[in-house]
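What follows is the residue order along each chain.
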Amino acid sequence: MATDAPPPSKQQHKLPSPEEFNEVAQSAEFGELRRSYRSFAFPLTIGFIAWYLLYVLLSNYAGDFMGTKLFGNINVAFVFGIAQFLTTFLIAWWYSRHAAAKLDPKAEAIKSRMEGGA
């Protein structure tokens, strides 16, 4: 499996002390990283859970609606079930793009500073 990433460095990185770690954890930059993550992940998680619960509740309590045939042997329940899988992959793809664009650069800057690279 080929990747564009360089091989791991043989150089030993300095590990931060507990005091340095706590200092960084209290910094505004780390707070911004956490806020950026939470503002993306929490609403999406809540939305997906609501979407999943809607599917489960409709399956349990709206059998006639979910059994409505759309075409051939394909009914509403089947379409909703397939949509659950598609939604999962869409969220994973969207999070990957968000992390690469917004989270990874901030995290890498913090990590390199903590390891003594900056």
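Residues numbered from 1 in each chain as written. Predicted model: local features only at pLDDT ≥ 70, side-chain atom pairs only at ≥ 80, totals over all residues. Heavy atoms only, no water.

Caption draft 1: Representation of the overall build of the chain. Helix and strand counts for the chain come out as four helices and two strands. The secondary structure elements of the chain, listed N-terminal to C-terminal, are α-α-α-β-β-α. In the chain, once contacts between residues fewer than 6 apart in sequence are set aside, the share between residues at least 24 apart is 62%. Total accessible area on the chain is roughly 9,300 Å²; 65% of this is exposed by carbon and sulfur atoms. (Helix = DSSP H or I, 4+ residues; strand = E, 2+ residues; numbered from the N terminus. Contact = heavy atoms within 4.5 Å. Areas by Shrake-Rupley, 256 points an atom, 1.4 Å probe, with all protein chains shown as cover.)

Caption draft 2: Seen up close, the packing of aromatic side chains. Enumeration according to the criterion identifies five aromatic pairs in this entry. Ring centres of Tyr37 and Tyr95 lie 6.4 Å apart, and the angle between their planes is 85°; this geometry places the pair in the edge-to-face category. One end of the pair, Tyr37, is in helix 2 (residues 28-61); the other, Tyr95, is in helix 4 (residues 76-114), and 58 residues separate them in sequence. Here Tyr37 falls in the partly exposed class, since its relative accessible area comes to 38%. Residues Phe65 and Phe80 carry aromatic rings whose centres are separated by 6.4 Å and whose planes lie at 75° to one another, so their mutual orientation is edge-to-face. (Phe/Tyr/Trp six-rings, centres within 6.5 Å; stacked < 30°, edge-to-face > 60°. Buried < 20%, exposed > 50% of the residue type's maximum accessible area, 1.4 Å probe, protein only.)

Caption draft 3: Representation of the packing of helix 2 against helix 4 in the model. Where helix 2 meets helix 4, the closest approach of the two axes is 10 Å, and the angle between their N-to-C directions is 175°. Comparing their axes, helix 4 and helix 2 come out roughly antiparallel. Residues belonging to the contact of helix 2 with helix 4 are distributed by class as follows: 20 nonpolar, six polar and five charged. (Axes fitted to C-alpha atoms, helices over the stretch in contact; angles between N-to-C directions. Parallel < 35°, antiparallel > 145°, perpendicular 65-115°, else oblique. Nonpolar A, V, L, I, M, F, W, Y, C, P; charged D, E, K, R; others polar.)

Caption draft 4: The arrangement of helix 2 in detail. Look at helix 2: 48 Å from first C-alpha to last across 34 residues, which is about the 50 Å you get at 1.5 Å a residue. Considered for burial, the residues of helix 2 that qualify are Gly31, Leu33, Ser36, Phe40, Ala41 and Leu58. Buried residues along helix 2 sit in contact with helix 3 (63-66) and helix 4. (Expected span 1.5 Å × (residues − 1).)

Caption draft 5: Spatial organisation of the side chain of Gln84. Mapped onto the fold, Gln84 is located in helix 4. Using a relative accessible area of 8% as the deciding quantity, one classes Gln84 as buried. The contact partners of Gln84, leaving out residues within four places of it in the chain, are Phe48, Trp51, Tyr52 and Tyr55.

Caption draft 6: Structural view of the pattern of salt bridges. One pass over the full model with this rule turns up three salt bridges. Glu29 is the salt-bridge partner of Arg113, the closest N and O atoms lying 1.9 Å from each other. Linking Arg113 in helix 4 with Glu29 in helix 2, this pair joins segments that are 84 residues apart in sequence. Assessed through its relative accessible area of 41%, Arg113 is described here as partly exposed. Of the charged contacts, one joins Lys106 and Glu32 as a salt bridge, the two residues approaching to 3.5 Å between their closest N and O atoms. Here Lys106 is found in helix 4, whereas its partner Glu32 is found in helix 2, with 74 residues between them in sequence. Residue classification places Lys106 among the partly exposed residues on the basis of a relative accessible area of 25%. Each of Glu32, Arg35 and Lys106 takes part in a single network of salt bridges with overlapping partners. (Salt bridge = Lys/Arg side-chain N within 4 Å of Asp/Glu carboxyl O.)

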